[in-house]
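In case you want the letters, here they are:
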Amino acid sequence: MEQKLQLLYSSIEVDPTNPQIPQNLKHLKLEIFNELAVNRLATEKIALHFCELEVTYLLISRQIENFELAIERLMKFYNQGLESKDKAHYTGIYLIYLLSFNKFAQYYSQIELLPKETFQNPFVHFVLQLEYKLSIGSYSDLLGDYHPTGIENVFLERIMDTIRLQTALSANASYKSLSLENAIKLFNVKSVQELQQFAQKQNFKWKFDNHQVYFDNVQKQENPLNSEFLIQNSLRYVHEFDKII
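These notes cover the structure that comes with them. Computed from a prediction, not measured in an experiment: that's the story for all the values here.

## Quick look at unusual backbone geometry
With phi around 55°, Arg62 is a residue other than glycine that occupies positive phi space. In this structure Arg62 comes out as partly exposed when scored by relative accessible area, which is 45%. Positive phi outside glycine occurs at Asn210, with the angle close to 50°.

Here's what the structure looks like:
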């Protein structure tokens, strides 16, 4: 089983879009967990590494609908005391997933279970700072010195899109236009092109002309991301908006 796991690692690393990977994952999972049921002590370490691999693959392939069960299964192994060199990083991924999907009760419960040394991990520390900034409405420097490059990006993008969307709703309701310079700062994007892409993605009919962005003043827009999170924090968004303007 260990050799099969290594081959699967290599396959995902070389080409995560390989259509045979899902079937190979399924077969190996059945083999490992069937063995785990009859010989736990000899198999639990392999099962742990399989769960880490499965979580990685699901995030690379952006199969978020299957991610929750996979990460919860992995966290059960960690919470039972099994160790891995990547434990802190996967714990951070679990925490940022909980934040991005507004699962605050689970987030704080997991925090209570973490040993003190886990908080020293740079990624876990970043997630804790991220949660603090979200809770106080400090969005202008949300990422700080952290430069996301890994599989956690899918959840960071979700959080950032949520913030930008609510900011856009406030702008649509309150302002006819903004200078492009202020709009780029407000929406925490790097360029006019990125701002245009965001507007297009959200189906906003904004006009970009003479170094200004003109809003369409549409106040009703369904938020597909995280409605409860937005409702709880809407006043903070407006406050941050006013500070930048």
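Here the narrative resumes.
## Side note on the packing of helix H6 (residues 104-113) against helix H7 (residues 122-136)
The N-to-C vectors of H6 and H7 enclose an angle of 140°; their axes lie 13 Å apart at closest approach. Relative to H7, the element H6 is oriented oblique. Here H6 runs over H7; the crossing is left-handed. Where H6 approaches H7, its residues Tyr107, Tyr108 and Ile111 are matched on the opposing element by Val127, Leu128 and Glu131. Across the contact of H6 with H7, the residue classes break down as five nonpolar, no polar and one charged.

## Section: helix H10 (residues 192-201)
Every buried residue belonging to H10 is among Leu195, Phe198 and Ala199, and all of these are buried. On an axial view of H10, the arc spanned by its buried residues comes to 100°, and they lie on one face. Of the residues in H10, the exposed ones pointing more than 90 degrees away from the buried face are Gln193, Gln200 and Lys201. Buried positions along H10 lie against helix H8 (153-174), helix H9 (180-186) and strand E2 (207-209).

## A few points about the environment of Gln110
Within the fold, Gln110 resides in helix H6. Put simply, Gln110 and Met75 are 35 residues apart on the chain and 9.3 Å apart in space, counted from C-alpha to C-alpha. Setting aside residues no more than four positions away along its own chain, Gln110 makes contact with Met75, Asn79, Tyr94 and Leu95.

## Here we look at the sheet that holds strand E1 (residues 177-179)
Strand order across the open sheet formed by three strands is E1-E3-E2, with antiparallel pairing between neighbours. The outermost strands of the open sheet, each flanked by one partner alone, are E1 and E2. Sheet twist, expressed as the mean angle between neighbouring strand axes with direction ignored, is 20°. As defined by bridge partners, E2 adjoins strand E3 (residues 212-214) across three bridges and the pair is classed as antiparallel. By the bridge assignment for E3, Phe208 is matched with Val213.

## Looking at the packing of helix H5 (residues 87-100) against H7
Two elements in contact, H5 and H7, have axes whose closest approach is 8 Å; the angle formed by their N-to-C orientations is 20°. Taken as axis vectors, H5 and H7 run roughly parallel relative to one another. Once H5 is placed against H7, the crossing between them reads as left-handed. Contacts from Ala88, His89, Gly92, Ile93, Leu95, Ile96 and Leu99 of H5 reach H7 at Phe123, Val124, Phe126, Val127, Leu130 and Glu131. Of the residues that constitute the contact of H5 with H7, the class distribution is ten nonpolar, two polar and one charged.

So, how was this worked out
Residues numbered from 1 in each chain as written. Predicted model: local features only at pLDDT ≥ 70, side-chain atom pairs only at ≥ 80, totals over all residues. Heavy atoms only, no water. Buried < 20%, exposed > 50% of the residue type's maximum accessible area, 1.4 Å probe, protein only. Axes fitted to C-alpha atoms, helices over the stretch in contact; angles between N-to-C directions. Helix = DSSP H or I, 4+ residues; strand = E, 2+ residues; numbered from the N terminus. Parallel < 35°, antiparallel > 145°, perpendicular 65-115°, else oblique. Left-handed = near helix turned anticlockwise from the far one by under 90°. Contact = heavy atoms within 4.5 Å. Nonpolar A, V, L, I, M, F, W, Y, C, P; charged D, E, K, R; others polar. Arc of directions from axis to C-beta. Pairing = 2+ DSSP bridges.

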